[in-house]
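# Summary of the model geometry
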Protein chains: 2
Amino acid sequence: MNKKNSESELSNFLIKPDSKVNLKKLQTDYTGKLQKEQSKIELDQLHLRMSKLQYKLHAEKKQALLIVLQAMDAGGKDGTIRDVMHGFNPQGCKVSAFRAPHQEELDHDYLWRIHNEIPSKGEIGIFNRSHYGDVLIVRIHNLVPKNQWSKRYSHINDFEKMLSDEGVKILKFFLHISKNEQKKRLEQRIANPTKHWKIDEADFEERKFWDRYMKAYEEVFEKCSTPWAPWHVVPSDKKWYRNLIVAKIITKTLEDMKLKFPKSKIGKDRIENLKL
Amino acid sequence: MNKKNSESELSNFLIKPDSKVNLKKLQTDYTGKLQKEQSKIELDQLHLRMSKLQYKLHAEKKQALLIVLQAMDAGGKDGTIRDVMHGFNPQGCKVSAFRAPHQEELDHDYLWRIHNEIPSKGEIGIFNRSHYGDVLIVRIHNLVPKNQWSKRYSHINDFEKMLSDEGVKILKFFLHISKNEQKKRLEQRIANPTKHWKIDEADFEERKFWDRYMKAYEEVFEKCSTPWAPWHVVPSDKKWYRNLIVAKIITKTLEDMKLKFPKSKIGKDRIENLKL
């Protein structure tokens, strides 16, 4: 596939600002014309490019990259981090998993704990869940009243705009799986003793709210996919296809950041004076 | 090489508790009978084992691993993290780089900022420099008086013992290079525009104190290589050999931790009741 085709392929997964979103119409098992074996070769090549781009980001130390991952339970957030972000050096790549907030976090506004985890210049930050939980699970379980959570979409856009103005490039991914695919994955976790630890009662409870989650996600994409912090909805029933698309979008984004190695502060003469 | 030979090879690099250390007698360019090409194949295999062991550590969530890296400038701390720790999933692997402390850190005891970065259960923590700076650079530049830093060896041993008792396995590595190898690496950094950012005036200043650093390191190894937190001095002039030895010691340590997958909390019947 040539570069132009590849880019237009990626734009299929982008939610354009202010567009209407119907998740039922977005295929979860789409894989284009690609074969699994071919995707592995491409992913290996992308890992090499990602690694070199991260090195440059780290050297330049002027910009940061924030990658937000959201999905239903068993949607593949952990797997995406393991299989895709594995291309990054752990030094300079920080993963933050946001679970139910603890007391000190609840004693602050909902963006306080998020702000604390924003990557610094030169770093890549990966959010396993995020501030979007504050308009998703919080909304569905009425953890705060509607007149409070409904104001958050614009807070979030403002917050992300500030970050973007200050040099943080933001990419947001929704890993889109079908309800049936979730069932299969939960079954696999129960059947496989090395995956038991990943499953708990809450997975089954949240599943009951599937349709309400889809509606809440649609509103997130409609209101919070902005030019400075776009949402991508990635077909994720096939893990290999999900990995490839996420890796491609990250690589393209890093390439578009026009990273540059800084100039030397030390002259060549300095070394000549070095004694043994 | 069979397993027994491999283990006795690794013990060559271990500093036995209460032993005298003379760094001049420890070869920096040792590579055994190994060839570079063979080491790459072995390192790839170790990455796979490390990745599986980390998954189990994360699943078990009862123990943590802390890896401390110390070296002279250009000694290979960053390279070791990139080339060896790259085998780990960034989710569950946190790298903490300790530079000159900022004001809030200076307003606390020297272990305060260290304690804050200790990995949690299920995690791997990597320290790029560490609390040992508080008996190294601090000592050499008289940043605190001798009667203060000289008490720190036993604080550090006590602190590390507490961590060990609470489930944190500690491994400490000194990446041992010759003064001549440092000169070569500084020259390469000046010659290579993609490495300029890694070099600064302090590298040249600190080099002048080489012998005093070696003496301070020897005292660290003599006083702080304990059964619960051993120091390894790794010959590091050859990067490929350094990578292999560090990866081998980490892998063996994780294997010795007897990690176990936890039992399931959810019965198989649970899934049968799942509706689509």
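Placed above this text is the structure.
Residues numbered from 1 in each chain as written. Chains lettered and ligands numbered in written order. Predicted model: local features only at pLDDT ≥ 70, side-chain atom pairs only at ≥ 80, totals over all residues. Heavy atoms only, no water.

The next thing to look at is unusual backbone geometry. Positioned with a positive phi, arginine 129 of chain A is a non-glycine residue whose angle comes to about 65 degrees. Here arginine 129 of chain A lies in the loop between β3 (124–128) and α6 (137–140). (Helix = DSSP H or I, 4+ residues; strand = E, 2+ residues; numbered from the N terminus.)

All names here are of chain A. Within the fold, serine 130 resides in the loop between β3 and α6. Judged by its relative accessible area of 3%, serine 130 falls in the buried class. Of note is the side chain of serine 130, whose polar atom sits 2.6 Å from the side chain of glutamine 70. In this structure serine 130 touches Val68, Gln70, Phe98 and Ile114, once residues within four positions along its chain are discounted. (Buried < 20%, exposed > 50% of the residue type's maximum accessible area, 1.4 Å probe, protein only. Polar contact = N/O pair within 3.5 Å; in protein donor to acceptor, adjacent residues only side chain to side chain. Contact = heavy atoms within 4.5 Å.)

Let's shift gears to the relation of the copies chain B and chain A. When chain B is fitted to chain A, the best match, at an RMSD of 0.0 Å, comes from turning it 180 degrees and sliding it 0.0 Å along the axis. A rotation of that kind, with that shift, is consistent with a two-fold axis. Taking C-alpha positions as reference, the residue of chain B nearest the rotation axis is proline 90 of chain B, located at 2.6 Å. When the interface residues of chain B are mapped onto chain A, 100% of them again fall at the interface, so both copies present the same face. (Least-squares fit on C-alpha atoms with pLDDT ≥ 70 in both.)

Scanning the entire structure with this criterion turns up 38 salt bridges over all chains. The residue lysine 248 of chain B makes a salt bridge to glutamate 42 of chain B at a minimum N-O spacing of 3.6 Å. With lysine 248 of chain B in helix α12 (residues 239–256) and glutamate 42 of chain B in helix α2 (residues 36–60), this residue pair connects regions lying 206 residues apart in the sequence. The two residues lysine 248 of chain B and glutamate 42 of chain B agree in class, both being buried. We note a salt bridge from glutamate 219 of chain B to arginine 139 of chain B, for which the minimum N-O separation is 2.9 Å. Remark: arginine 139 of chain B occurs in helix α6 (residues 137–140) and glutamate 219 of chain B occurs in helix α11 (residues 210–224); sequence separation between them is 80 residues. Both residues of the pair, glutamate 219 of chain B and arginine 139 of chain B, count as buried. Here the salt bridges share partners, and the residues they tie into one network are Glu9, Glu42 and Lys248 of chain A. (Salt bridge = Lys/Arg side-chain N within 4 Å of Asp/Glu carboxyl O.)

Here we take up helix α8 (residues 152–165) of chain B. Along an α-helix, residues three or four positions apart point the same way, because every turn accommodates 3.6 residues. All names here are of chain B. Given a rise of 1.5 Å per residue, 14 residues ought to cover 20 Å, and the 20 Å separating the end C-alpha atoms of α8 matches this to within 8%. Looking only at α8, the buried set comprises Arg152, Tyr153, Ile156, Asn157, Phe159, Glu160 and Leu163. Burial along α8 is one-sided: seen end-on, the buried residues are contained in an arc of 165 degrees. Among the exposed residues of α8, those pointing more than 90 degrees away from its buried face are Asp158 and Asp165. In this fold, the buried residues of α8 make contact with α5 (112–115), α6, α7 (146–149), β4 (168–176) and α11. Immediately beyond the C-terminal end of α8, within one or two residues, lies glycine 167, with a positive phi of roughly 100 degrees. (Expected span 1.5 Å × (residues − 1). Arc of directions from axis to C-beta.)

Turning next to the interface of chain B and chain A. Taken together, the contacts link 45 residues of chain B with 46 residues of chain A. For the pair chain B and chain A, the summed buried area comes to about 4400 Å², and 65% of that belongs to carbon and sulfur atoms. In terms of surface lost to chain A, no three residues of chain B exceed Pro90, Gln91 and Trp197 of chain B, which account for 16% of the buried area on that side. Summed over the shared surface of chain B and chain A, the number is zero salt bridges. Applying the counting criterion to the chain B and chain A interface returns six residue pairs in polar contact (both at pLDDT 80 or more). Elements with a contribution of two residues or more to the side of chain B that touches chain A: α2, α3 (77–84), β2 (93–97), α9 (179–191), α10 (201–207) and α13 (269–272) of chain B. Considering each element in turn, the side of chain B that touches chain A owes the most residues, six residues, to α9 of chain B. Of the residues contributing to the side of chain B that touches chain A, the split by class is 19 nonpolar, 10 polar and 16 charged. (Buried area = accessible area lost by both parts, 1.4 Å probe. Nonpolar A, V, L, I, M, F, W, Y, C, P; charged D, E, K, R; others polar.)

A few words now on α12 of chain B. Residues and elements named next belong to chain B. Helix length check: α12, at 18 residues, gives a terminal C-alpha distance of 26 Å against a target of 26 Å (1.5 Å per residue), a fit within 8%. Most of α12 sits out of view: 14 of its 18 residues are buried. Directly after α12, the chain includes lysine 258, whose backbone phi takes a positive value near 50 degrees.

All names here are of chain A. Close contact between helix α3 (residues 77–84) and helix α12 (residues 239–256) brings their axes to 10 Å; oriented N to C, the two are set at 60 degrees. Of the two elements, α3 crosses α12, and the hand of that crossing is right-handed. The residues of α12 that touch α3, namely those facing Gly79, Thr80, Asp83 and Val84, are Arg242, Asn243, Val246, Ala247 and Ile250. Each residue belonging to the contact of α3 with α12 can be placed in one class, and the counts come to four nonpolar, three polar and two charged. (Axes fitted to C-alpha atoms, helices over the stretch in contact; angles between N-to-C directions. Left-handed = near helix turned anticlockwise from the far one by under 90°.)

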